[in-house]
Structures are given as C-alpha cells and as structure tokens.
Amino acid sequence: MEQNKQVNVVGAGLAGLAAAITLAEQGVGCRLISAQPSERAQSVLAEGGINAALDTMGEHDTPAEHFADTMRGGCFLEAESAVRNLTDHAPEVVRWLVRLGAPLMAKDGQLILRNFGGQKKKRTAYAKASTGKIIMTALIDEARKYEAQGLIRRYPHHELTGITVEDCNLKSIAVRDLFTQEMRAFTGRTILCTGGLNGFFEGMTTGTTPNTGNAAAIAFSAGVAFANLEMIQYHPTTMGITGKRMLVSEAARGEGGRLFIMRDGKPWYFMEEKYPELGNLMPRDVISREMVFVKREKGCEGEVCLDMRALDEFVWQHKLSDLRAEIIAYQHIDPKTDPVPVSPGIHFFMGGVRVDDRHETNVKGLFAAGEAACKYHGANRLGGNSMLGATFGGRVAALSAAQSAGHSEETVLTEAPPEPSHPECRAELREILLQGLGIVRTASEMQKAEEAMSLKCDAEQLTAIDRSRALLGLAMLQSALARKESRGAHYREDFPERDEAFRKLTLATCENGAIRLRFVSADAGEVD
Amino acid sequence: MTYTLKILRRERNVQASYWESFTYEAVSEGDTVASALTALNTSTSPKNAEGESSRPIEWECSCLQKRCGACAMVIDGRPRLACDALLNESKTGELRVEPLRKFPVVCDLTVDRTILYDNLKTLRLWPSVEAELADECRDLAYESSECIQCGCCLEVCPNFYAEGPFFGMATVPLTTRLLTELSPADYREIARQYAKHTFAGCGKSLACKDVCPRRIDTEKLLVNANALAVWKRKKEKRK
Ligand SMILES: Cc1cc2nc3c(=O)[nH]c(=O)nc-3n(C[C@H](O)[C@H](O)[C@H](O)COP(=O)(O)OP(=O)(O)OC[C@H]3O[C@@H](n4cnc5c(N)ncnc54)[C@H](O)[C@@H]3O)c2cc1C
Ligand code: FES
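Our subject in this report is the structure included herewith. Here the structure is a predicted model, which is why all the values come from computation and not from measurement.

All names here are of chain A. In total, this model carries nine aromatic pairs over all chains according to the counting rule given. With 5.3 Å between their ring centres and 65 degrees between their planes, Tyr155 and Phe186 make a pair best called edge-to-face. You can see Tyr155 sitting in strand β8 (residues 152-155) and its partner Phe186 sitting in strand β11 (residues 183-187), a full 31 residues away along the chain. Here the two residues Tyr155 and Phe186 agree in accessibility, since each one is buried.

Grouped together as the largest cluster of nonpolar side chains are 97 residues, with contacts concentrated most on Phe270 and Val342 of chain A together with Leu5, Val33, Leu37, Trp59 and Met73 of chain B. Broken down by element, this core gets its largest block of residues, six residues, from helix α8 (residues 218-230) of chain B. For Leu5 of chain B, the contacting residues outside a window of four places in its chain are Glu20, Ser21, Phe22, Val33, Ala36, Leu37, Leu87, Leu95 and Val97 of chain B. Ranked by size, the runner-up nonpolar core spans 65 residues in total, among them Ala12, Ile21, Ala41 and Ala143 of chain A.

Residues and elements named next belong to chain B. It is at 11 Å that the axes of helix α5 (residues 172-181) and helix α6 (residues 188-199) come closest, and there the two elements cross at 155 degrees. In terms of orientation, α5 and α6 fall into the roughly antiparallel class. Considering the relative orientation of α5 and α6, their crossing is left-handed. For the pair α5 and α6, the contacting residues are Val172, Thr175, Leu178 and Leu179 in the first and Ile190, Tyr194 and Thr198 in the second. Across the contact of α5 with α6, the residue classes break down as five nonpolar, two polar and no charged.

A few words now on the site of ligand 1. Residues and elements named next belong to chain A. Residues in contact with ligand 1 amount to 38 residues; listed here are only the nearest, Ser43, Asn211, Glu371, Ser386 and Met387. Glu371 is positioned such that a nitrogen or oxygen atom in its side chain is 2.7 Å from an oxygen atom of ligand 1. Protein coverage of the free-state accessible area of ligand 1, which is 1,000 Å², stands at 98%. Taken together, the elements giving at least two residues each to the shell around ligand 1 come down to α1 (14-25), β9 (158-166), β20 (343-349) and α11 (385-404). Along the lines of polarity and charge, the residues of the shell around ligand 1 split into 15 nonpolar, 19 polar and four charged.

All names here are of chain A. Read from one edge of the open sheet, four strands run β17-β16-β18-β19, paired in antiparallel fashion. Strands with a single pairing partner mark the edges of an open sheet, and in this sheet they are β17 (266-268) and β19 (340-341). Summarising the sheet, strand β18 (residues 300-307) and β19 pair through two bridges and their orientation is antiparallel. Looking across to β19, one finds that Cys305 is bridged to Pro341. Sitting on the sheet, helix α8 (residues 284-296) is in contact with β16 (258-263), β17 and β18, with an inclination near 150 degrees to β18.

The next point concerns the sheet that holds strand β3 (residues 72-75) of chain B. Residues and elements named next belong to chain B. On the basis of which strands lie adjacent, the open sheet formed by five strands has the order β2-β1-β5-β3-β4 and mixed pairing. Where the open sheet ends on each side, the last strands, each with one partner, are β2 (18-25) and β4 (78-81). Each strand axis lies, on average, 35 degrees off the axis of its neighbour in the sheet, ignoring direction. Examined bridge by bridge, β3 and β4 share four bridges and lie antiparallel to one another. Counterpart to Ala72 in the pairing with β4 is Leu81. Along the sheet face, helix α1 (residues 33-40) touches β1 (2-9), β2, β3 and β5 (94-98) and points at about 95 degrees away from the line of β2.

About the cut-offs
- Residues numbered from 1 in each chain as written.
- Chains lettered and ligands numbered in written order.
- Predicted model: local features only at pLDDT ≥ 70, side-chain atom pairs only at ≥ 80, totals over all residues.
- Heavy atoms only, no water.
- Phe/Tyr/Trp six-rings, centres within 6.5 Å; stacked < 30°, edge-to-face > 60°.
- Helix = DSSP H or I, 4+ residues; strand = E, 2+ residues; numbered from the N terminus.
- Buried < 20%, exposed > 50% of the residue type's maximum accessible area, 1.4 Å probe, protein only.
- Core = buried A, V, L, I, M, F, W, Y, C linked by side-chain atoms within 4.5 Å.
- Contact = heavy atoms within 4.5 Å.
- Axes fitted to C-alpha atoms, helices over the stretch in contact; angles between N-to-C directions.
- Parallel < 35°, antiparallel > 145°, perpendicular 65-115°, else oblique.
- Left-handed = near helix turned anticlockwise from the far one by under 90°.
- Nonpolar A, V, L, I, M, F, W, Y, C, P; charged D, E, K, R; others polar.
- Near = heavy atom within 4 Å.
- Polar contact = N/O pair within 3.5 Å; in protein donor to acceptor, adjacent residues only side chain to side chain.
- Areas by Shrake-Rupley, 256 points an atom, 1.4 Å probe, with all protein chains shown as cover.
- Pairing = 2+ DSSP bridges.

Structural data, given as structure tokens:
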C-alpha cells in the first residue's frame, strides 16, 4: 500500500465513487469530499440505463457501432480517440459493475439490453426504473470496504470553497465543513466530480440541488478551461414542481404516449403529423424545439400535453406504475384518464471542465470526470452514455492522478468560511441565462443576456462566489454567441444550419478577471 | 390556500431550540413541505409569520422527488420526507415541522446521520469477493438496493437509539443484498455481525414497515436476512 500517496476526490456520485474505488484498487489513498453522502447524489436518479455493446441480444452489436452512434449523436464535436476509448471500454465497465453486484436485469447469466434513443441496437443495460440507484448502492458498498481499510476517507458534509493555482499548477483546495463551518485546506492531486451546472438554472432542471455549480464557478475563476458551455440538453417531457422539473421518462412515449397541443379547439398531434416515421420518438432536441414552435402557431393555445390515455393496464401496472404514482402525487392528474401538461426542462450539461484523454485539465494536478467534465458527449449526449462516461471517466482520471500522486497535506484553516451565494443573486443570474440559453436561440436575445450578465459581473456588493458565478454565466452566453451555427443542443434561428467551419470546441478561460474565448480543434486529445 | 409551518429551530452550536412560524401561499395542489421550505429560502432573510426578518431555514434536500432521503424530518409527529409531505394533507393548514429526533441536530432541520454509516461499517457490509447473483435472487437484490438511508425507520423503532448495540432496520436492506449475492462461506462475518447487532435486538414491532418512504417491504427483507444469516437456510429455497 502506498500509504503516502493521497488524492482528493470532490463529489461522491458515480464518477467520484468510481474514482475513489479505482484509486483504492491501486493502493492509493483518497479523501472523498462531498456536500452530501453518496446516497443523495444525482446519480441515484438515473432511470433508463447504461450503454455498452455487450451484444447479448443476438443483434451482432459492436463497440464500433456504439462509437458511430455516439459520434453522430454528439454531432462530431469530440475527438474520435476519446469516444473510441469510451465505447471500446464500455463492456468492461458494465462487467465491472456486475462483478461488484449491481443487480442489472439478466437471464441465465446474460445481461438483458434494451433500446434507447438515438441508438440502432439494443445496448442499454438497466434495472427496472432504478438503474442509477442500484449501481450506486453497489459502488457505495464497495467503497465501504476501502473506508474500513483507511484507504478511502470520507468528508461527507463538506463543500469545495476554493482552488489555488500557481503557474498553471494546482496548489491546494479549500473545503468548508457544512456541519461545523470549519475550514480545511488539502494539497495534492485533485479530481473534480461535482456533477452538472444545475444550480445555474435553479428550479428548471431535472437534477439535484447540491449540484450548485459553485465548484465549477470557483474552478473557472481559478483559471481552469471550460469547453462547449453552450451545449445544454433539454428533455422535452418534464413537469414543473416547486424547486425542480420532474422527468417524464422517454418510456412513456416508447409505450405509446402522444404529444399534442390544442389548435382551434381540437387536439393536434403535431409530432405525428410532422414526422410520420418516428413521430413522438424523435430525438430529444427535435421534440423540444417543435414544442417551442407549435406554441407560436396560429390557433394554438395552452400547454403541450402528453396523452397516455390509450396505454393498456399491463403497461400501467408493470412498466409505468412509479410514473403514474408520481404524476398523481405532484400534479393531481391521473394520466390514465387525463392528458398531462409537459414542457421541456434542462436535463444534462454536455459542456464543462475541459479534460484531455487522461482526464487532466489545463491546470496540472487537477482532473475532472462525470457531468462536471466536458468529454465524450459532444453537442448532444445519448441517453445511457452519461452513466457510462461518469464511471469510465472516474476510473481513467483516478489512474492518471495515481501515476503522479504524492504526499498530501491537510491543514485546518483559521479563517472564517467565505460568505455564501445569495439566493436573490442566483435567481437574477438564472433569469438572464434563460433569456439567452433557451431551446431556440436568437442573436438579439443572447446579446441582451450577455449585456445584462456583463453588468452583473461588474456590479458592486457581490459576494466572491456570486461574482465567480456571474463570470462563468457570461462565458456560457459568449460561447453560445460565438457559435454561429446550429449543432446538437445549440439551435439558433439566425443560423439554423450546421456549418462544418464550426466543428470546433468553444474553449473559455478566465485570465485576470476577463474571459478569453476561442475555438479549438475537436480532434485534439489535449486541452489546447 | 395559505399554510403555516411551525418549525422547531436551533442555531449552530447552541443547545436550546425554539419554535418559529412561517406562512406559505401554495401555488399548486402538489406543493409539499419541501416546496414551502424552498420558496421561503429564496430570500436571504425570509419573513416569519409575524412579518419579522429571520435567517434562512437550514434543511437538507437534493432530489426533491422522494429518491434520495436527504429531506427526512418529523412532520406533524411522523417521520417523513419533506418532498413527500403534501401540504393539503393537513386538515388545519398548520403543520409542525421538527428535525429527526434520534440524531444530533446540526442546525434547524439538519441532523447528523453519521451513525447510520458507522453502523454499516461495523457490520462489515461490503462484498469480500466477486458477487454471484442467481437469477432467482435478482428481484430481492434489486429491492434491497433501494434503501435511501433516510433514517425514518429508526425514528419509529422502539429499540433503536444512536450509539446503542441494536442497529435497526436501516442496516437490513444492504445486509440482505450481500447475503443474496455472496456464498455462505463469504458472508460468514457479515452474518455474525448481523446476528449480534440486528437480529438480537429486533422486537419485530415492524413499525418501520409503515413509514418507509420507498415502500420497501421491510418484513420480507428481514425474514430473508434472518433465514440466511441466522437460520442458515439455503438460498435456492428462498424467494
Ligand atoms: C432524472 C435523471 C435521469 C437520468 N437518467 C439517466 C440514464 O438513464 N442514463 C444515463 O446514462 N444518465 C442519466 N442521467 C444523467 C446521469 O445520471 C448523470 O449525468 C450522472 O449520474 C452524473 O454523475 P456524476 O458523478 O458526474 O455527478 P453526480 O451524481 O451529480 O454527483 C455530484 C457530486 O458532487 C457533489 N458536489 C457538487 N457540488 C459540490 C461542491 N461544491 N462541494 C462538494 N461536493 C459537491 C454532490 O454532493 C455529489 O456527491 C439522468 C439524470 C437525471 C437528472
Ligand atoms: S429531497 Fe430527496 S428525498 Fe426529499
């Protein structure tokens, strides 16, 4: 055991756990730091499944086809080398989860795979409607083994509050104990696994509240490079409940749910009319956009609704019973007898901390994985690929960090914790971002939002964290403005076509308090 | 409809608690205690029912849809998830909201549930070798993976107290999962710890069964865990 080697892992969802366990397997110790315990991480919400070309369904599936689907889904906005690495290793990742005891659906020792959006063959391993939860349970149990050995040390109510960088090298991170308010600093290699940027869109995402985006804002201000910040995936069918958007899973449409809007007093099943072949099962971004467009059409009124009245009893009892219970509880509508109003909600962030093929950032010694990182998913991620990316990425980041890991110091700081972010400021930033980063974007709206955000960045009386958040928000808007084309999740009415000249990543950095934005090759495995 | 939340509050590092009431105007039929707390905390200084500025209400939440266990608290005397407690269930429009009582209070409604995790470690709940899951055990392993470690079951358990020798229902699902996935030779130590810390202290009141927010069939998991760990029944015979 290399007792003296110690790595910090921030975030204890799928990516953080995979990283911590992988470090422990190498005999490298780690601090597993998270705002809340793993049981509360967003990863437990994943329902649909995890992709790997295991070819157990007699369809002759191969990693090469998984690769092709992922590249196409992501609109070729990622290096082939990275995606190939992911899809080639996917079967091994899923087998690892099975060895750890995740009870994925199987028969006679063979995993059962199902169809999932954007993929031609059955390659999604799942467990009823709780795939993320049962995988997390298996990883949490495995991590406990190493906790007992002292290799993994949990800091389960600790929030990242600072990152210190000198000459592009990571010096230390600071964390606050949310229970005692005590501050600590840790030196050494660090892996950021802090999830998506939900907190920038409070109440508007399908994800969890502890993913505040603060960690990303802190990293950005410290000089860490972010890519493709404009790439935000909206899921077409979500329902608003106070504090979040609740996902109405694709399965509801897969089983026969139909989208309509009232036009001239009659329901108009617009997806079926516009896309006779795939209808309600078109890709997420296409449906989300159509939902915006039909609301503008003459004679149309009210919300878009999901009509599930024709689904049979067997489906309600055996496949969608949880969904029905949730809709009844939170919306007071029984989907068996009444249509359910739905609208698109923010579901996944393809953009984030840019990492190279080893998952290291432009700051040496700082790594990132999972939804916090920008890797693998290009301009749009396929359902089932994010759990894969988080698990695989966490493992790669851990192996890379382990190579150069050394001794790490822990210091109790005497300083007071930094002032927290203000909810009023977060709400203002959210409104500005929503204006510029909707499903259908226009230059004028984005410009207005950019101006408002610039003003916010310069405003007096902002707490340090709110200023960092405004800065990262500005980088999101500038990235969207700079991409003068439509690709994947980024759709502009003034540039509705894809333009090959823009098959590049937007790369944003913060240099002396100012944002530097440039385009970099999508084919490079390096950050810049 | 306007609801009043009477919240039992406590400042950090202070022993005494006090009640403070807040009002919340519901925006939808689906509004829960979590909706009210979220809305109140959109201000840095939420106003209490008397119209005075107060400090934000500390509570834990994450998924807001009954999947993560963060928001467990005692609502009108019953341990529940705040995001599962519909306001319109209240007949009077006034709800009493308190932190879970079996764990130390950190601040307001946030409690320190560390003991849950310490107990799981004492029970040595991890796979010592690779798991081997037979098809007929898969459903049981699935169901026992669903526990969210919220602590509601311990709140109503007549025998559980923090730091006590009896660990309560919160450890049973994970035990059951490992018992179904490992061979008797590989779960011998888990079984020994289970007999000592769970089986021995359980009076089978099954109060846990009524409160589990995930509707886990605690009785079934308990029966299976007892059969495998204590009575050494063979797995093939169990469903
Ligand atoms: C409803 C829903 C359904 C989904 N279904 C699927 C699916 O079927 N298949 C699929 O592949 N993907 C799915 N996804 C996406 C997938 O679940 C996530 O992308 C993935 O789980 C992210 O894992 P992660 O480890 O990167 O982050 P998370 O699981 O989000 O974990 C983030 C961690 O970071 C911690 N953290 C955050 N900020 C800080 C901070 N400042 N300081 C300290 N700790 C911090 C959190 O406490 C948490 O522990 C779904 C997502 C949602 C919301
Ligand atoms: S916030 Fe997750 S259970 Fe309530």
